[in-house]
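# Summary of structural features
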Amino acid sequence: MKLDSAPLEISGISPSEIELELKDSNDFNFNSAQCLEVQPVVADNPRKQESPLVIFGTTFITIFLAEIGDKTQLSTLLMSAESHSPWVVFIGSAVALITTSLLGVLLGSWIASRLSPKTVEKSAGVMLLLISLMLFWDVFISH
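To start, this report covers the structure provided alongside it. (Residues numbered from 1 in each chain as written. Predicted model: local features only at pLDDT ≥ 70, side-chain atom pairs only at ≥ 80, totals over all residues. Heavy atoms only, no water.)

## Overview of the overall build of the protein chain
Broken down by element type, the protein chain carries seven helices and zero strands. Sequence-ordered secondary structure for the protein chain, helices as α and strands as β, is α-α-α-α-α-α-α. Considering the protein chain as a whole, with its 143 residues, one finds that 3% of them fall into the buried category. As presented, the protein chain carries roughly 13100 Å² of accessible surface, and 70% of it is formed by carbon and sulfur atoms. (Helix = DSSP H or I, 4+ residues; strand = E, 2+ residues; numbered from the N terminus. Buried < 20%, exposed > 50% of the residue type's maximum accessible area, 1.4 Å probe, protein only. Areas by Shrake-Rupley, 256 points an atom, 1.4 Å probe, with all protein chains shown as cover.)

## Quick look at the packing of helix 5 (residues 71-83) against helix 6 (residues 86-114)
Their axes nearest at 8 Å, the elements helix 5 and helix 6 cross at an angle of 155 degrees. It follows that helix 5 is roughly antiparallel to helix 6 by the angle criterion. Relative to helix 6, the crossing made by helix 5 is right-handed. Mapping the contact onto sequence places Thr72, Thr76, Met79, Ser80 and Ser83 in helix 5 and Pro86, Val89, Ser93 and Leu97 in helix 6. Grouping the constituent residues of the contact of helix 5 with helix 6 by class yields four nonpolar, five polar and no charged. (Axes fitted to C-alpha atoms, helices over the stretch in contact; angles between N-to-C directions. Parallel < 35°, antiparallel > 145°, perpendicular 65-115°, else oblique. Left-handed = near helix turned anticlockwise from the far one by under 90°. Contact = heavy atoms within 4.5 Å. Nonpolar A, V, L, I, M, F, W, Y, C, P; charged D, E, K, R; others polar.)

## Here's the deal with the packing of aromatic side chains
The full count for this structure, using the stated rule, is four aromatic pairs. An angle of 15 degrees between the planes, with centres 5.6 Å apart, marks the rings of phenylalanine 60 and phenylalanine 64 as stacked. One end of the pair, phenylalanine 60, and the other, phenylalanine 64, are both in helix 4 (residues 52-67), four residues apart, so they sit about a helical turn from each other. Overall, the relative accessible area of 46% leaves phenylalanine 64 in the partly exposed class. Their ring planes at 85 degrees and their centres at 5.8 Å tell us that tryptophan 87 and phenylalanine 90 sit as a pair that is edge-to-face. (Phe/Tyr/Trp six-rings, centres within 6.5 Å; stacked < 30°, edge-to-face > 60°.)

## A look at a nonpolar patch on the surface
The grouping of Leu53, Phe56, Phe60, Ile61, Phe64, Leu65 and Ile68 at the surface amounts to a nonpolar patch, some 800 Å² of accessible area in total. With respect to the element layout, leucine 65 can be found in helix 4. The exposure class of leucine 65 is exposed, given its relative accessible area of 58%. (Patch = residues over 30% accessible without salt bridge, like charges linked within 9 Å, V, L, I, M, F, W, Y side chains within 5 Å. Salt bridge = Lys/Arg side-chain N within 4 Å of Asp/Glu carboxyl O.)

Right, dumping it as structure tokens:
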């Protein structure tokens, strides 16, 4: 039976004809009671596990784009220009960024073990909204 077909009362097809049609076309052993039952669909894992390469790529692109032109990059640029030791500044800033990233990952793991992902998402959204409102308020008051 097609999903877009007319109801049985209008189409004039009897339930026994539908059973025969189903048996002939699909070779399934349905009876009318089984056809009318609705079974819930339960997914074992609602979110497909991503590969480490996909997670790495997504993280790299997100952090790379977020860091372009931010105050950390500008500070590193200025320190490199003033010190005339670009490699020392590079190593110092790289170690600092690795350390802050490590703290973020450790804190994120700790939070994830205690809170549901939905709660973490909502909390992050509220915090980002509050930060945005504070920035808009600061710009509004200063002009």
